[in-house]
Amino acid sequence: MNILLIGSGGREHALAYALTKSPLCERLFSAPGNPGTAAFGQNRPDLDVADHAAVQAFCAQNTIGLVVIGPEVPLVAGLVDDLAAAGIRAFGPTKAAAQLEGSKGFTKDLCAAYGIPTAAFARFTNRDAALAYLAERGAPIVVKADGLAAGKGVVVAETLDQAEAAVRAMLTEPGAEIVIEECLFGEEASFFALCDGTRAVPIGTAQDHKRVFDGDRGPNTGGMGAYSPATILTPALERAVMETIIAPTLAGMRARGTPFTGILYAGLMLTVDGPKLIEYNTRFGDPEAQVLMPRLAGDLLPALIAACDGNVSGVDLPFDESRAALTVVMAAAGYPGAVMRGSVIRGVDAADASDDVIVFQAGTRIENGQLLADGGRVLTVTALGASMMEAQARAYTAIARIDWPEGFCRRDIGRRAVAREVAGGGI
Ligand code: AMP
Ligand code: GLY
């Protein structure tokens, strides 16, 4: 089967790595792709993925049996709907179902309607009403832009001043909408479920590091590093997440006539009152895919096809439970703000050749045979180990082989997991 993979991040490099392991995979095309995905197939930067008719034509010409969509933007734009209308199998939710990620207000309303545990909230379009609500609730409090914001549309305000500033900044344009919600406390974890519209099977856990600087300081980013498994999610907690969060979400979406197919990625806060939903993403995480894919011990491709074809009940997607994976993002100086492109990166091949290390590429390009930085998040350096401590050590040893003065990374990815491991013994 020929596959078209949409996207150009580290997640797509990791998906290309996993999909091409399948004996079912004949040719892989990536649009636009990056230098990492080029190693697994053909990159097609000429294909404009926002032009759905062009994607349909490409699929027909290249006998594509499955389109795998990495990022959220094409999902929210309805690429799956347009491909399905042309009889092309595409993995991911429809435009209506992708609202679980595309609109925070939509998800909060669904939670309220189906009793899904989440932070108490209110939705606003009016600034004065929002400011009045803040004054009534006090700080700490969380202010969120309604639409997609690449992980950067959320302000966890410690003071009322910060919250008010966030409201003023987000409610400038007419039609803008925000959600204001209760600040939850606890540890965060990510839970992934493969869904066929009716059923869900759990497909792994991870923890992300959203803040840009060590010690979880600085602004939120798309993610600066991750590890898997998230051992804090015990089997009992995983069952609770499936029962109280994932299952009612699928039931609710089905009842509304917008069944959810694809990856449901639940961002959770593990509070003293149990797991609560912070947000949904409707796709694999980036950089979480870079720790999930290397731990997969089964074939991803038939599992994705089963979800598209409406029956995941037979899917068995085992992970190598004896291995921990940890990934460290290397970003360009200035990220998550404006970055400079074009700096030279050396040593990636040496890092990639380290035992149990894979360097997934994100914002890179090759020019005159040199690897150049070409985005905010540029590389994700993943390592596997028999323990989280071993994976962490391998990842940072590999990073030391990368010579890129204009880049930076967090130095504390996995700190909590390693501390837990030392305290408890084992992954
Ligand atoms: P989101 O884009 O909704 O996942 O939010 C980004 C990050 O903001 C989350 O990963 C949390 O660290 C933080 N956050 C979001 N909502 C809350 C909340 N209600 N309470 C505390 N932290 C939150
Ligand atoms: N790492 C967070 C995300 O993929 O949204």
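Structure: above.
Residues numbered from 1 in each chain as written. Chains lettered and ligands numbered in written order. Predicted model: local features only at pLDDT ≥ 70, side-chain atom pairs only at ≥ 80, totals over all residues. Heavy atoms only, no water.

Caption draft 1: Region of interest: helix α2 (residues 52–61). Of all the positions in α2, only His-52, Val-55, Phe-58 and Cys-59 are classed as buried. Angularly, the buried residues of α2 cover 115° about the axis, an arc narrow enough to put them on a single face. Exposed residues lying more than 90 degrees from the buried face of α2 are Ala-60 and Gln-61. Buried residues along α2 sit against β1 (2–7), β2 (28–32), β4 (64–69) and α4 (79–85). After α2 finishes, the residue Thr-63 shows a positive phi value of roughly 40°. (Buried < 20%, exposed > 50% of the residue type's maximum accessible area, 1.4 Å probe, protein only. Helix = DSSP H or I, 4+ residues; strand = E, 2+ residues; numbered from the N terminus. Arc of directions from axis to C-beta. Contact = heavy atoms within 4.5 Å.)

Caption draft 2: The arrangement of the sheet that holds strand β9 (residues 178–182) in detail. Read from one edge to the other, the open sheet built from four strands follows the order β6-β9-β7-β8, with strand pairing classed as antiparallel. At either end of the open sheet lies a strand with only one pairing partner, and these are β6 (121–124) and β8 (154–157). Strand-to-strand twist of the sheet, defined as the mean angle between neighbouring strand axes without regard to direction, takes the value 20°. Of the pairings in the sheet, the one linking β6 to β9 comprises four bridges and is antiparallel in character. In the strand pairing of β9, Phe-124 is matched with Ile-178. Sheet strands touched by helix α7 (residues 127–137): β6, β7 (141–145) and β9. Its angle to β6, the strand with the most contacts, is close to 160°. Against the sheet, helix α8 (residues 160–170) makes contact with β7, β8 and β9, and its axis sits at roughly 10° relative to β7, the strand it touches most. (Pairing = 2+ DSSP bridges. Axes fitted to C-alpha atoms, helices over the stretch in contact; angles between N-to-C directions.)

Caption draft 3: Structural view of the site of ligand 2. Taken together, Asp-208, Gly-222, Tyr-265, Asn-281, Arg-283, Gly-285, Asp-286, Pro-287 and Glu-288 make up the full set of residues near ligand 2. A distance of 2.9 Å separates an oxygen atom of ligand 2 from a polar backbone atom of Asp-286. Glu-288 has a polar side-chain atom sitting 2.9 Å from a nitrogen atom of ligand 2. Bound to the protein, ligand 2 loses 89% of the 200 Å² it would expose on its own. (Near = heavy atom within 4 Å. Polar contact = N/O pair within 3.5 Å; in protein donor to acceptor, adjacent residues only side chain to side chain. Areas by Shrake-Rupley, 256 points an atom, 1.4 Å probe, with all protein chains shown as cover.)

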